[in-house]
Every structure is written in structure tokens, then in C-alpha cells.
Amino acid sequence: MTFLTRFSLKNAAAVFVCSFLLMFLGLYSFSSLKVDLLPNIEFPQLSIEAVYPGASPQDVNEEVTAKLEEKLKSLDGLKQMQSSSYEGMAVINLEFPFRTDMEKMERQVESLIDKAGLPDHVQTEVNRFSFGSIPVFNISLFAKNETDLQTLLETEVIPELNKIDGVNSVSIGGDSERLIRITVDRKKAAQAGLTLSEIKNQINEKVLAFPAGTLQTDTWQIPVRVEEKLNTIHELKNLKLVPTAVPMAANGLQRVSPVKLGDIATIEEVNEQSEFTRYNLKPSLSMAVTKKQDANTIEVADQVINVLNSYKHQFDYSIGFDSSAGIKQSVESLVREGLLGALFASLAVLLFLRNVRATVIAIVSIPLSLLVSAIFLNRMDITLNVMTLGGMAVAVGRVVDDSIVVIENIFRRVRREKTGMSDDLVEQSTKEIVKAIVSSTITTVVVFLPLGLVGGITGEFFLPFALTITFALLASLLVAVTVVPILAKFSFRRVPPEEKEGALQRLYGRIIEWALNHKAIVFVLSVVLLVGSLALVPKLGFTFLPNEEQKTLVASIELPASTSVVKTNDVSLEMEKMFLKRSDVESVTAAVGSRDFRTGLKRPNQASYYIRLKDSADTAKTVAVLEKEMRRIANQLAPGAKVGVQEMSSGGPPTNNNVNIDLYSNDLEALQTAAKQVETYLKQRDDVKDVTNNLTEKQKQVIVAIDPEKVAAYGVSGMQLLGAVADATKPVDVGTLKLGGKDEQVELSYDETLGSIDELKELPIVTRNGVIPLSAVAEVKEADVYTSIQKLDGKVFARVSAQIVGDNIQKVTNDISKHVNDLKIPSDVTVKTGGGSDETVQTFRELGVAMAAAIGLVYLTMLITFGKVRVPLIILSSLLFVPIGSLFALYVADEPLSISVMIGLLMLIGIVTTNAIVLVDRIGQNREQKRMTVRSAIIEAGKTRLRPILMTAFATVTALIPLALTNEAGTLISKGLAITVIGGLTSSTLLTLVFIPAMYEAFFFRTAKREPMAK
């Protein structure tokens, strides 16, 4: 790359103009980057929702789920299929390998659904999921000045929010449903021979509008339209209903006159509340906002707040959950750590060069390299997130290395030469080390290529991190051979003459000589240190990603399945009062009876909470106390209720710190018994938390079993009985009528509800033989049934899961597996233990393969660079000392082995070899150009390259110190990596300076042995 240096020196003005243009474009690109917490990764998953109104979980399973599973199992590459059959709905989740063409797969799934032969009334929807689809806000709104808040939101605010570019959906919770309720007097309706279904049909018959043909005149064709309408509630009350037959005697019927609807029913406008939402016990409406997958989270959040602020004279609001706040905090933390790292790196360079101008020249590569990388990130539509910012923070110390080596060599040559500064001197000084910096930069870059061998979400998640560092390093190499020589030329016209060898260089010279004379001791000590460091591995713990403490908790309570929303609300109020009494709780957002986010089903028996803690709170302690208090209240007010509280997930890659116990059996009774046994056992352990069981409790259900012979004898049909039972037990939806110029939802119900199974048995049924009770043609009985059926790959199963508290997930998982197998589980239940441990081991194995491949690529790069087989092996031997410092640093910092640590070790393969390359390259120049002996070449190279080696290592280490010491949110992924690199680079640098000279002479021992004799 010497030609670039020559070109730059001759065209300095053009290079400066290009640099400023790149900086301007970089600043523009950086400001244009979409800001998000995490890389926007689309999971290779599809979710199928199938709605089958009125069907039981068993019917849904047989008529919908099983048919879909039979078709879907033929999909190519399908990794896992999990299904849940609920009342009226089925949810099937399909998982595929990463890099699957999800557009094509979605089309295949839709085609298979069409061929599944589902019942006519089943409606299906196929959805995809990504990090970008996570909700942005949960906001509580409070009306001011008697504002009709619900109407304002529906007519003005929500349409305004939907206009924001990037908003995907806006949903409201806690709102009341306005409807026209027709409450029918049961006795009067029975006397008139009318049922709710018949009343509904007669109302709908009065609302029609159909084209009926045309009138033909001499000049015109006039369309004819037949209409009948109910325009007002008054007209609805005066609607005449024609009764059906009513009983007169055991063997006869009589006709009665039509009756007005108003005579047998009351009609009123009502606002029905099916869910309750509160903020700190204050009733409110709740608003949830989600963004589009590729939208800028912070921009969307800011625009949403701007819209809400424009209505501040009509309502107030409080934010219960705000993902943009966490993103801002994480971005600010990483930017701060990056800037501190740049400052520390600059001070490190200044400490060694003791020249302000040289220091400024060396660190100019930091902003220029990072801004150039921003250009590429913007072009590739990669967001500014914790991974890209983490990559920049980590790269800060490394991007300055090439410039340090160049500037140090030019600075040293200028001080030594008596001819003064010249283009030729700058070019020759750069040429001396260009091979070393090119090869060291390329080796650092190529170590990231094998990340493609790491499958799953890990590879996808760390890809933006690797790309950021790659772009920055390549840019820094370009800066080092173009901009730095020009700046050196203009800055070093007057420099003090070269000083004699410093005390450090003289000391190091003696150390090298000792090492060369005692190579066996050096090698043995190196092996002892390496083996000793590996002994620390069992003490470090083993996890996928470190758990990051969150200050937002998610809590829930689930009462028995048949519980009304009113009862659930009463219990929830007590829970909320308990939460707010605690000094470490800042706010509580409650939703009672809201829809399930995943299935869309109403949950009248459940309440959920967002609990925001104060910054000073001890999250783990608070979670434990709250769970205990929630269980106490639940046992008092709603025995059998389930409670749960845990830290809110950031939505990032799975920490894999979980253990799953999967139990399989077609006997649901045995399966429930086994699942309860495992759940009870896990809750007794101190090293797991957040224990969940996906097998729901049974709920009571009344079953009306029709007797075919009896209904035939009485001349009634099953559908007639269904209609009668439905009318008696639930309101009838009439539909939407335009009354008073407004669309109104109309609902029919009886004034008296059935209060017991005995009343249902006595439900009158009109037959050709007169009125009979329901029990005459059907058996009415109670039964305990499951509210959902769960299946994995077509097999009925239960999953009991828990989060592992400690760092050594593999040890805990193995211990749990052993003890679960010792439980006296029913014989027809099969147990399988798995979870995050399996995925973590697989990922670590893949990263091990990636590291081996990286070492191979580094060797190949250096083989091409140096053209010799032995020299790359000498350089690679420096990698032996990486574990010594890395493992010791992790042990001191109490940091477990994790994916972040493995990525740090992968980086070190490229970084550590840089020092050895700089040293070995100088030894080669001494031998080939200056004809020095092996030992003389080694000693001279060591003294000459000591300062740049220490400078580059020190700059990289100091730049990472802020990142290693931080505990801020969003930086834990980078923290383990930073500690690993600091420890590994420190140990390898210090030991390489001794080991590499000894290794070099050992590899060339024959040549070294002959040289003294030749003299």
C-alpha cells in the first residue's frame, strides 16, 4: 500500500478534502442512523392464529389444530412446531433455521392452511415476529375538565397517532363498550312464544336495503331499491314482533296477536366495562403503541409524545412502560464509555510519545474511522443499537494502533536522520512498517469471518458488532497510510534529536538476552502459567449472556378460570395497594381483564402489572418480597390463584439461563399430576426463580348431552336446543343498527339469568307435544375440563420452566435433571430435560469451531504476507498467553464465561497477533536488509519495536477500561468482552515480548548455531 502513501504526499490537499468530505458524510450518516436497543433481527418463526367461535378446547384441537399440524409437518426445514388449543382459538408457532426465506415459507404455510379442510367458520391469520415489533409505550391517560376521553381518543388522538410514519398499531385498554341493550322479560317472552334468537331475526328482517331491478322509460333506466329501516330507539320499541306458537294444552296450540318489543323488553343505552386499567390506583384508559419493524424507536416515541402533548388541556398522561427511555440510557452509556475510552487512549499515546502533535496525529484516526464505519452502517440499513455502539466502543482502542505504529516509526526516523523531514523519509518510514500494519489489520478483520459458522440468534445478533469493528479497522488502515504521513510531514519539521536508549529499552535488551540463553525455562514457565490459568475455568461459571438487572417488573395474578372480572378487580385492588406501600416502588400500571397479547383472548380472571422501581431498589430482593406478599393476598382473597413477578425482558437475545422440563403423555390427568410434581420441586430450589407451568388448571363446565332418541320423539333438533340454551345463558348479539344517525351495537338478553344447574335442567323447550324441560331430552351434568391443550411437534405435553439464578447453568440443569428423574412420576409420562444449557453448549461449540477457523485464516493471511511457513507459526504461538490474562481478569472481576467472553477471545486472536507481527516483521527486515545475525536481529527489533508494541497495547487496554468498569444498562454484553480483551492483551503483550524472541531463535536454531562460527 506504499503507492497510497506516495499519492497522498503528492496530493495532500486532495486527501484533506476527501477526509473532510468523508467526515461530513459520516456525521450525516451517523445522525441518520435509526436508533434502537437491539439489532432488528427477524426471528425465523411464524405464528398461526385460527379462530373457531364457540368451540371447546377439545373441539378446536380435533377440528383445527390436529388438521393443521398434519399438513404443516411436511414443511421443509421445520425445526419445531408448538400448538395451544383454547376455547374458540388455536395458536400454532413454527420455528425454522435462521436465513430461511420467510416470505416463501409464509406463502407455503398459507397454501397448506387452505388445503387443511378446516370448518367453514374458522378464520386464520399468519404473523411474523422480530425485535422491532416489541411495544414502545404503555401509557395511562386521565380526562380533564369532563372531557369524553374515550370519544376523543377514538375520533382524534388515535387517527393522529396512526399518521406517524413508523407507528404500527395503537390499542386502547380499559375503555367501555357503548351499546343498546334490550333486556327481555323472560316470562312475557315465553307467553308470547318468542325466544331471543327469534327476536333478533325479526329485528334484522326490518333492516334491509336491496336493489330490486330497474324502471324502463323512453329515455331513462331508473334503478329500483327496496328499503326498510329502524331509524330511532323509539321505532325499535314500537317494532311489532310476530310470535310463534305458544302452548295451550298438552295436545294443542293457539295463535296470539303480535306484540311490541317495548311491551316485553326495556331498551336502554349502556356503557359496559369488561376490563379495568389504573395507574397508581387512579382509574385511567391505557394506550399501547407498537412501531413498525424498521422504524426508529426514539423518533416514533418522540412524535407520539408530541401528539399527546398537543392535547394536554384535555387529558393528562403517565408513562408506565417506555422502551425508548431504556434505549436512550443505553446509547448514552455506550457513547460516554466510548468517549472516555478515546480520551484514555489519547493519554496513553501522549504518555509514550511525550509529543502533543504526534498524539493528535495518532488519534485523528479515531473519529475518522468511526465516522467512515457509520457511512457503511447507514448504507446497509443497520441501526444504531447496543451492538453497533458496543463495536464502536471496543474499536476505539484498536483503530488507533496502525496510526501509532506509523507515527512512531516516522517520529523515530526523523529524530535519527540528519537530513531533516522529506517526502522520501516519510514514504520510507511508512514502507518499513506497512507490511506489519496491513497484515495485523487483516488478521484482526478475518477473525470475524467465521462468525458465519455460528448458527441461530447468536450469529445474527453479533453480526452488526463484527461489521462495525471491521469497517472501523479497514478505515483506520487507510487513514494510517494516507492521512497520518501527510500530517507527520507538516508536524515534524522541527523535532529534538533522537535520545539514547532509555532505561526501559536497556532493561528489555537484557531480558531478551537472558530469555535467549534460557529458552527451556521460558517455555516451561509459559506452559505452567497456561495450565494454571485453565484451572480457573471451573470457578468462573458458565452462562449464555449475563443477566442484566431491570428496574421494570412484570407481575400477574391468575384466578380460577371461571372467575368474573369484578372479583378479579377486587383482588387486584388489594395487590396494587400492597405494591404502592413499598418505598422502592415508583409506579404501578394495572390492567384487569385485558386481552392476552399473544392470543388476543379476553382474560376476565387475570390481572397484569407494570411495576417501575426506583433506581436505588435491589431488584432481586424486591422481586422475592413482592412475590411472597402477592401469594399471601391471593391465599386470603382467592385460594387457588396463581401469582408471578419477574424482571421485564429487554427483548434481546435469549439469555438461555433457563431450564425446561418437558413431559409427554396422552393421559391429561397423569400429565397434570407430573407437571405439578415438577413445579413443586423447582419452587423448593434456591437456585431457580420464575417457575412456570404451561398446563392450565381444570375449570368446571356444564355439558348438555343430547339424547338422539328423545329429541326425535319430541320432534326437536339439536340446533333448536343449542339456540334455547344459548339464549338462556349468554347475551345475543343483534349486530350494528343505525339509530339516531349513529352506528349502535345492539345486544339482547333476558332479565333473569340462570343461577344454577337445576334451573338449566328446568329450561322450558317448546316442542310439538307442548313445553318440556331440557332434562327431558338431554342429560345436564357438571364436568371438570382443561381450558387449553398444549402440543409440541404433534404430541400432547406440559412444560415446566424456570430461570436459573446463578452463573453455572449447565451444573444446575444437570442437577435438576437428576432429581426430576428421581421423582415418582406416573409411569405413562415421559420426561425430557432441556432448555438454555443445550443451546449454550451448542453455541459454545460453534464458537470453538469459529475460533479454530479464525486461527487458520490468520495463519493463511500471514503465510501470504511473509511467504514463509515457520514465521506465521512463531506469531501464532503468542496466542498461548491469551487465556492466562483473560481467565485471571474474569476471575478477579467475578465475570462468568459467556458468549460475550467467547467473542472477546475471538477478537484477541486478531489483536494479539498484531504485537507479534510488528516484532517479527522487524526481525525479518534486520536479517534480510541489514544482514544481521538471528540473535542481533532479535535484540535490535525488540528494542526498536518495544515502544510501539507497548503503546498500541496500552492504548487498546485503556480505551476499554471504562467499558469494563461500567454497570450501566445495555453495556453488560460489551462488559465481559472488554474484561476478556484487557486481560488477554495485557498478559499476551508482556509475555510475547519474552516468549516470541525465544521461540524465533528456537525455530531458526540451526541458522543461529552456524552464525557465530561464520564470524
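Residues numbered from 1 in each chain as written. Predicted model: local features only at pLDDT ≥ 70, side-chain atom pairs only at ≥ 80, totals over all residues. Heavy atoms only, no water.

In the nomenclature of an unreviewed UniProt entry, the chain is known as Efflux RND transporter permease subunit of Geobacillus zalihae.

Please set out the domain arrangement of the chain residue by residue, giving values where relevant.
The figure often quoted for interface size is the accessible area lost as the parts come together. Once the domains are mapped, the chain shows domain 1 (1–26 + 355–497), domain 2 (33–133), domain 3 (134–178 + 276–354), domain 4 (186–263 + 700–786), domain 5 (500–539 + 868–1014) and domain 6 (553–649). When each unit is reduced to the centre of its C-alpha atoms, the spacing between domain 1 and domain 2 is 49 Å. Facing 15 residues of domain 1, the contacting portion of domain 2 comprises 12 residues. At the boundary of domain 1 and domain 2, one finds 1 salt bridge. (Domains from an automatic or database assignment. Contact = heavy atoms within 4.5 Å. Salt bridge = Lys/Arg side-chain N within 4 Å of Asp/Glu carboxyl O.)

How would you summarise the packing of aromatic side chains if you had to cite specific residues and measurements?
Under the defined criterion, the tally for this structure stands at 9 aromatic pairs. An angle of 70 degrees between the planes, with centres 5.4 Å apart, marks the rings of phenylalanine 523 and phenylalanine 995 as edge-to-face. In this pair, phenylalanine 523 sits in helix H18 (residues 519–534) while phenylalanine 995 sits in helix H32 (residues 972–1003), placing the two residues 472 residues apart along the sequence. Overall, phenylalanine 523 belongs to the partly exposed group, its relative accessible area being 24%. An aromatic cluster of three or more residues is present, and its members are Phe523, Phe881 and Phe995. Between the NZ or CZ atom of lysine 282 and the centre of the ring of phenylalanine 142, over which it lies, the distance is 4.5 Å. A cation over a ring is seen here: lysine 795 above tyrosine 664, with NZ or CZ 5.9 Å from the ring centre. (Phe/Tyr/Trp six-rings, centres within 6.5 Å; stacked < 30°, edge-to-face > 60°. Helix = DSSP H or I, 4+ residues; strand = E, 2+ residues; numbered from the N terminus. Buried < 20%, exposed > 50% of the residue type's maximum accessible area, 1.4 Å probe, protein only. Lys NZ or Arg CZ within 6 Å of the ring centre and 35° of its normal.)

I'd like a rundown of the sheet that holds strand E15 (residues 276–279), residues and numbers included.
The strand order E16-E15-E20-E21-E19-E22 describes an open sheet built from 6 strands, whose pairing is antiparallel. The open sheet has two free edges, formed respectively by strand E16 (282–283) and strand E22 (642–647), since each of these has just one partner strand. Summarising the sheet, strand E20 (residues 585–592) and strand E21 (residues 606–613) pair through 7 bridges and their orientation is antiparallel. Of the residues in E21, the one forming a bridge with threonine 589 is tyrosine 610. Against the sheet, helix H20 (residues 565–581) makes contact with E15, strand E19 (552–558), E20, E21 and E22, and its axis sits at roughly 175 degrees relative to E20, the strand it touches most. Relative to the sheet, helix H21 (residues 619–637) contacts E19, E21 and E22, its axis offset from that of E22 by approximately 170 degrees. (Pairing = 2+ DSSP bridges. Axes fitted to C-alpha atoms, helices over the stretch in contact; angles between N-to-C directions.)

Residues and numbers for the side chain of threonine 552, please.
With respect to the secondary-structure elements, threonine 552 resides in strand E19. According to the relative accessible area criterion, threonine 552 is buried, its value standing at 18%. Here threonine 552 is in contact with Tyr610, Ile611, Arg612, Glu647 and Met648, once residues within four sequence places are set aside.

Run through unusual backbone geometry, naming residues and quoting values.
One non-glycine residue with positive phi stands out, namely glutamate 146, at about 60 degrees. Inspection of the secondary structure assignment puts glutamate 146 in the loop between strand E5 (135–143) and helix H5 (149–162). Even without being a glycine, aspartate 894 presents a positive backbone phi close to 55 degrees. Positionally, aspartate 894 belongs in the loop between helix H29 (882–893) and helix H30 (899–929).

Kindly report on the nonpolar core, identifying the contributing residues and their values.
Side chains of nonpolar character tend, in soluble globular proteins, to be buried together. In terms of nonpolar packing, the biggest core is built from 153 residues, with Ile407, Ile437, Leu451, Phe465 and Phe492 touching the most fellow members. Looking at this core element by element, the count peaks at 18 residues for helix H16 (residues 456–491). What phenylalanine 492 contacts, discounting residues up to four positions off in sequence, is Asn355, Ala358, Ile361, Ile407, Ile410, Phe411, Val414 and Met421. (Core = buried A, V, L, I, M, F, W, Y, C linked by side-chain atoms within 4.5 Å.)

How would you sum up the pattern of salt bridges? Please name residues and give values.
Inspection of the entire model under this criterion finds 33 salt bridges. When the shortest N-O distance is used, the salt bridge between glutamate 95 and lysine 79 registers 3.6 Å. With glutamate 95 in strand E3 (residues 89–95) and lysine 79 in the loop between helix H3 (57–72) and strand E2 (80–86), this pair connects stretches of sequence that are 16 residues apart. Judged by its relative accessible area of 52%, lysine 79 falls in the exposed class. We note a salt bridge from arginine 278 to glutamate 576, for which the minimum N-O separation is 2.7 Å. In this pair, arginine 278 sits in strand E15 while glutamate 576 sits in helix H20, placing the two residues 298 residues apart along the sequence. Glutamate 576 matches arginine 278 in its accessibility class, with the two residues each being buried. Residues participating in the shared-partner salt-bridge network are Arg398, Asp401 and Asp402.

Explain the pairing of strand E28 (residues 764–767) to me, and be specific about the residues and the numbers.
Looking along a regular strand, one sees side chains alternate from face to face of the sheet. Burial along E28 is one-sided: Ile765 and Thr767 are buried, while Pro764 and Val766, pointing the other way, are not. Two strands pair when backbone bridges link them, and E28 and strand E29 (residues 770–773) are joined in this way by 4 bridges, in the antiparallel orientation. Bridge pairing links proline 764 to proline 773 in E29.

I'd like to hear about the environment of serine 324, residue by residue, with values.
For serine 324, the position within the fold is in helix H11 (residues 323–353). In sequence terms serine 324 and valine 531 are 207 residues apart; their C-alpha atoms lie 46 Å from each other. If we ignore the near neighbours within four places in the chain, the residues touching serine 324 are Val136, Phe137, Thr297, Ile298 and Ala301. Engagement of the side chain of serine 324 in a polar contact is seen with the side chain of aspartate 322, the distance being 2.5 Å. (Polar contact = N/O pair within 3.5 Å; in protein donor to acceptor, adjacent residues only side chain to side chain.)

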